[in-house]
Amino acid sequence: MLFRSANSLSSLAAGTRKPAGAKAWAKVFIMQKYGWGPDQYACLVKLWTRESNWRYQAKNKSSGAYGIPQALPGKRMAMFGKDWLNDPTIQMTWGAHYIERRYDTPCGAWAAFQRKGWY
C-alpha cells in the first residue's frame, strides 16, 4: 500500500479544483483508503469522466445531480463535510463511499453505468 504523509495529502488536496488535481488526489487517497488497485482506478476515471469530467462544480441541468460523482441530490455529500459545494475532496470521498456501499468497486459502478446510463 502506498504511504503518503499528511503534508503530501494536503498538498495534493490543494490542487483538486482542477480535474488533473482531482484525479491525482483520488489516485492516492481514494485508492489507498479503499484498497482498490490500478484496474479500479481506471474504472473510476472512466466513470467520473463521463459523469462530470472531474469538475467539482458540474451540475446536471435536468436532474440537478452535482459535483464530481454527480450526487443526487448534491446535499447528500454534506455527510462528509459542510463545504460539499466547493470542496472536491468531500465530493470524491462521498462518491467512493457511495460506490463501495452500492457497487463494491468502481468497476462494479462502471458496469452498472454502462448498462443503465447512470450509477
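Okay, so let's go over this structure. All residue numbers refer to positions counted from 1 along the written sequence of the respective chain. This being a predicted model, a pLDDT of at least 70 is required before a residue's local features are given, and a value of 80 or more before pairs of side-chain atoms are given or counted; all residues contribute to the totals for chains, interfaces and linings. Derived side-chain values reflect all non-hydrogen atoms in the structure, with water molecules and hydrogen atoms excluded from consideration.

**A look at the packing of aromatic side chains**
Whether two aromatic rings pair depends on their centres lying within 6.5 Å, for rings of Phe, Tyr and Trp, where Trp uses its six-membered ring; planes under 30 degrees apart make the pair stacked, over 60 edge-to-face, and the rest tilted. According to the stated counting rule, one finds 9 aromatic pairs in the structure shown. Judged by centre distance (5.8 Å) and plane angle (90°), the ring pair of Tyr-66 and Trp-84 falls under edge-to-face. Of the two residues, Tyr-66 sits in the loop between helix H3 (38-52) and helix H4 (88-103) while Trp-84 sits in the loop between H3 and H4, which places them 18 residues apart along the sequence. Trp-84 carries the same exposure label as Tyr-66, and that label is buried. An aromatic cluster of at least three residues, connected via ring pairs, comprises Trp-94, Tyr-98, Tyr-103 and Tyr-119. Geometrically, a charge over a ring is one whose NZ (Lys) or CZ (Arg) sits within 6 Å of the ring centre while staying within 35 degrees of the ring normal. Here Lys-116 stacks its cationic end above the ring of Trp-118, 3.8 Å away from the centre of that ring. Helix and strand labels come from DSSP, where a helix needs a run of H or I of at least four residues and a strand needs a run of E of at least two; each type is numbered from the N terminus. Burial here depends on accessible area, computed with a 1.4 Å probe over protein chains only, as a share of the maximum for the residue type. Under 20% is buried, over 50% is exposed, and the range in between is partly exposed.

**Some thoughts on H4**
Multiplying one less than the number of residues by 1.5 Å gives the expected span of a helix. The end-to-end C-alpha distance of H4 is 21 Å, a good match for the 22 Å that 16 residues give at a rise of 1.5 Å each. Of all 16 residues in H4, 13 are buried; the element is thus mostly enclosed. Backbone geometry just downstream of H4 places Asp-104 in the positive-phi region, at approximately 80°.

**Re the state of the cysteines**
Simply put, disulfide is the name for a covalent bond between the sulfur atoms of two cysteines. Only a pair of cysteine sulfur atoms within 2.5 Å qualifies as a disulfide here. With the rule as written, the count across this model stands at 1 disulfide. Note that Cys-43 is cross-linked by a disulfide to Cys-107, the S-S spacing being 2.1 Å. Classification of the bridge connecting Cys-43 and Cys-107 rests on its S-S torsion, roughly 90°, and on that basis the disulfide is right-handed. Placement of the pair is Cys-43 in helix H3 and Cys-107 in helix H5 (residues 106-116), with a sequence separation of 64 residues.

**Considerations on the packing of H3 against H4**
Only the contacting stretch of a helix is used when fitting its axis, a line to C-alpha atoms as for every element, and angles between N-to-C directions run 0 to 180 degrees. At a closest axis distance of 13 Å, the pairing of H3 and H4 adopts a crossing angle of 115°. Regarding the angle of H3 to H4, the classification is roughly perpendicular. Both H3 and H4 take part in a crossing whose hand is right-handed. Taken together, the residues of H4 that come into contact with H3 (itself represented by Leu-44, Leu-47 and Trp-48) are Met-92, Gly-95, Ala-96 and Ile-99. Residues are grouped as follows: Ala, Val, Leu, Ile, Met, Phe, Trp, Tyr, Cys and Pro are nonpolar; Asp, Glu, Lys and Arg are charged; all remaining types, including Gly, are polar. When its residues are assigned to classes, the contact of H3 with H4 shows 6 nonpolar, 1 polar and no charged. For this classification, under 35 degrees means roughly parallel, over 145 means roughly antiparallel, 65 to 115 means roughly perpendicular, and everything else is oblique. Take the far helix as your reference; a near helix turned counterclockwise from it by less than a right angle gives a left-handed crossing, and one turned clockwise gives a right-handed crossing. Contacts between residues were defined by any pair of non-hydrogen atoms, one from each residue, lying within 4.5 Å.

**Considering the nonpolar core**
Only buried Ala, Val, Leu, Ile, Met, Phe, Trp, Tyr and Cys residues count toward a nonpolar core, and they belong to the same one when joined by side-chain atoms within 4.5 Å. Ranked by internal contacts, the top residues of the largest apolar core, which has 32 residues, are Ile-30, Trp-48, Trp-54 and Tyr-119. Only helix H2 (19-34), H3, H4 and H5 provide two or more residues apiece to this core. With 7 residues, the top contributor of residues to this core is H4. Here Trp-48 is in contact with Asn-53, Trp-54, Ile-68, Pro-69, Met-92, Gly-95, Ala-96, Ile-99 and Tyr-119, once residues within four sequence places are set aside.

**Examining a positive patch on the surface**
Judged by side-chain charge, Arg-76, Arg-101, Arg-102, Arg-115 and Lys-116 come together as a positively charged surface patch. At the level of secondary structure, the elements contributing two or more residues to the positive patch comprise H4 and H5. Within the secondary structure layout, Arg-115 lies in helix H5. Look at Arg-115 and you get exposed, because its relative accessible area is 65%. Here, patches come from residues exposed beyond 30% relative accessible area and free of salt bridges, joined within 9 Å for like charges and within 5 Å for nonpolar side chains (Val, Leu, Ile, Met, Phe, Trp, Tyr). We get accessible surface area from the Shrake-Rupley algorithm with a probe of 1.4 Å; when it comes to residues, only the shown protein chains can shield them. By definition here, a salt bridge exists when the distance from a side-chain nitrogen of Lys or Arg to a carboxyl oxygen of Asp or Glu is within 4 Å. Only four residue types enter the tally: Lys and Arg on the positive side, Asp and Glu on the negative side, with His and both chain ends excluded. Here the site of a charge means atom NZ of a Lys, CZ of an Arg, CG of an Asp or CD of a Glu.

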